[in-house]
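Listed here are the chains, written in short residue letters.
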Amino acid sequence: MYDFKTPSFMRLIIIMAVILVAIIGMKYSSEILGPILLSVFISIIIYPFLMWLKKKGLSYNQSIMVTLVATFALGVGIIWFLAVSMAQLIKELPDLTISSGGILAQYGNNIIKFIITNIPLNNITGLVATGIFMLFAIIFLVYELPQIKLRLIKGLGEDNPNLHKLFDLVDDNIKYFIIRAKVNLIYGVGVSAIFFIFDINFAVLWGLLTFALGFIPYLGIMIAAIPPVLVAWAKYGTWGAISMALFFIIINTVAESYIFPKLTGKGLQMSVFVVFVSLFVWGWIIGPTGFLIGVPLTLIVIKYLENFEETRWLAALMITEDDKDKEKNLKNKSEKNNGLNNLDHIIVLVGDIHKLN
């Protein structure tokens, strides 16, 4: 029998074709796919809370009930708060103007007009409907996740290497989101406190916006800073806006450069360029949700590329090594080279003995 083997270049073409078809499908279904993917990631974040309740001594039924009730109550509270805050913001935003003279004030007023005309703030009904859909999707997913895990183990086998890779990927995403949520909570609360002190309207809303947009690496906090800076500009003048902008720059630098890497023990292990580009690529594919979950989606793509020899080099280009990993690799290479050198000496020594004999 003939052993037909697919050429490596054909395998590469097939892999890229699969990725391209997946991107096209996601692009055309972005309106519904975005909320679904976000619901999946949120439910995966909530799942450890369920396991924590079980470790505390509650039965599975009690744990799932507490988790579902808490998720529903928190979700309804957030949806209600956002709906009320958005309704108030819509009333006050048209009256928000920067009265200080100069070219910068004109630019500021143009930004306010752009926000009013281009961001669908008045579509509260649609936002509430999407929020309710996501809430129930999250509740059903949280309820089903333990069963899905058991079904995967039963169907693929407990020792299946692909299953272990899937679970490792899920664990990595859970750790990333939990640590990111902790960091976002710290400066979300800090932002709200500062706004309360300086009597800036919608302090809690801006803090919640900071928390949500903080999931966008490097850019999220800067985007969240735009509305508060404009409000501070209109209320306290140019120096108020500068002070608010500096405040956001400081907390963004501290969070991204010190707090987040310290909590994770490492950075994103992704090239800054890859992170930056991936945000816009996923934002283009699945809409605004892509900016929030662009990093974990990119990690999934990297893991997929690592499974094939033809694309492993591409995955290697998208990640970076930590200093500890570099030292470890250099040490391993050094030990390997020393081992090879010692082996060479032994071979030469054996050859000399053989000649003497």
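**Quick notes on the overall build of the chain**
Each helix and strand counted, the chain has 13 helices and zero strands in total. Listing every helix and strand of the chain by position from the N terminus yields α-α-α-α-α-α-α-α-α-α-α-α-α. The burial tally for the chain puts 34% of its 357 residues in the buried class. Across the chain, contacts joining residues at least 24 apart in sequence account for 69% of those joining residues at least 6 apart. With an accessible surface of roughly 22500 Å², the chain has 69% of that area assigned to carbon and sulfur atoms.

**A word on the nonpolar core**
Counting residues in each nonpolar core, the largest one holds 50 residues, and the members touching the most others are Phe 195, Trp 206, Phe 248, Ile 286 and Ile 293. The leading source of residues in this core is helix α8 (residues 220-236), at eight residues. Not counting the four nearest positions on each side in its chain, Trp 206 is found in contact with Leu 89, Val 191, Phe 195, Ile 200, Asn 201, Pro 227, Pro 228 and Val 231. Core analysis: the next-biggest nonpolar cluster, separate from the first, contains eleven residues, Ile 46, Ile 64, Leu 135 and Val 142 among them.

**Some remarks on the pattern of salt bridges**
One pass over the structure, following the stated rule, counts one salt bridge. Note that Glu 144 and Arg 151 form a salt bridge whose closest N and O atoms lie 3.3 Å from each other. According to the relative accessible area criterion, Arg 151 is exposed, its value standing at 52%.

**Describing the confidence of the model for the chain**
Put simply, the chain has an average pLDDT of 76, and 78% of its residues get 70 or more. Across the chain, helix α3 (residues 60-92) holds the top mean pLDDT of 87, while helix α13 (residues 323-356) sits lowest at 47.

**What about the packing of aromatic side chains?**
Per the counting criterion, the structure on display carries nine aromatic pairs. An angle of 40° between the planes, with centres 6.4 Å apart, marks the rings of Phe 136 and Phe 140 as tilted. Here Phe 136 and its partner Phe 140 are both found in helix α5 (residues 124-156), four residues apart, which amounts to about one turn of the helix. Of the residues examined, Phe 140 reaches a relative accessible area of 55% and is grouped as exposed. One aromatic cluster is present, formed by Phe 72, Phe 136 and Phe 140 through successive ring pairs.

**Side note on the side chain of Thr 67**
By the element assignment, Thr 67 lies in helix α3. Judged by its relative accessible area of 1%, Thr 67 is buried. Looking at Thr 67, its side chain comes within polar contact range of the main-chain oxygen of Ser 63, at 2.7 Å. Discounting residues that sit within four places of it in the chain, Thr 67 has contacts with Ile 46, Phe 49, Leu 50, Leu 53 and Val 142.

**Observations regarding a nonpolar patch on the surface**
Judged by side-chain polarity, Trp 239, Ile 242, Leu 246, Ile 249, Ile 250, Val 254 and Tyr 258 come together as a nonpolar surface patch covering roughly 750 Å² of accessible area. Within the secondary structure, Ile 250 is located in helix α9 (residues 238-264).

**Regarding the environment of Phe 167**
Position of Phe 167 relative to the elements: it lies in helix α6 (residues 161-197). For the pair Phe 167 and Lys 149, spaced 18 residues apart in sequence, the C-alpha to C-alpha distance is 9.0 Å. Setting aside its immediate chain neighbours within four residues, Phe 167 contacts Lys 149, Leu 152 and Ile 153.

Calculation rules
- Numbering of residues starts from 1 in each chain and follows the order in which that chain's sequence is written.
- Reporting in this predicted model follows two pLDDT cut-offs: at least 70 for local features of residues, and 80 or more for side-chain atom pairs to be given and counted; totals over whole chains, interfaces and linings ignore these cut-offs and use all residues.
- Excluded from the side-chain calculation are hydrogens and water; included are all heavy atoms of the structure.
- A run of H or I in DSSP counts as a helix once it spans at least four residues, and a run of E counts as a strand once it spans at least two, with each numbered from the N terminus.
- Only protein chains enter the calculation, and the probe is 1.4 Å; a residue is then buried if its accessible area is under 20% of its type maximum, exposed if over 50%, and partly exposed in between.
- By the convention used here, residues are in contact when the closest approach between their heavy atoms is within 4.5 Å.
- Computed with a 1.4 Å probe, the accessible areas rest on the Shrake-Rupley method; for each residue, only the protein chains presented here act as cover.
- Definition used in this section: a nonpolar core is a set of buried Ala, Val, Leu, Ile, Met, Phe, Trp, Tyr and Cys residues joined via side-chain atoms within 4.5 Å.
- Any carboxyl oxygen of Asp or Glu within 4 Å of a side-chain nitrogen of Lys or Arg constitutes a salt bridge here.
- The pLDDT value expresses, per residue, how confident the predictor is, ranging between 0 and 100.
- In this analysis, rings of Phe, Tyr and Trp, with Trp reduced to its six-membered ring, are considered paired at centre separations within 6.5 Å, and the interplanar angle assigns stacked below 30 degrees, edge-to-face beyond 60, and tilted for intermediate values.
- In the analysis that follows, any N or O atom pair within 3.5 Å is treated as a polar contact, provided that within protein one partner can donate a hydrogen and the other can accept it, and provided that, for residues neighboring in sequence, both atoms belong to side chains.
- Within this analysis, patches are made of residues with over 30% relative accessible area and no salt bridge. Like charges are joined at 9 Å or less; nonpolar side chains (Val, Leu, Ile, Met, Phe, Trp, Tyr) at 5 Å or less.

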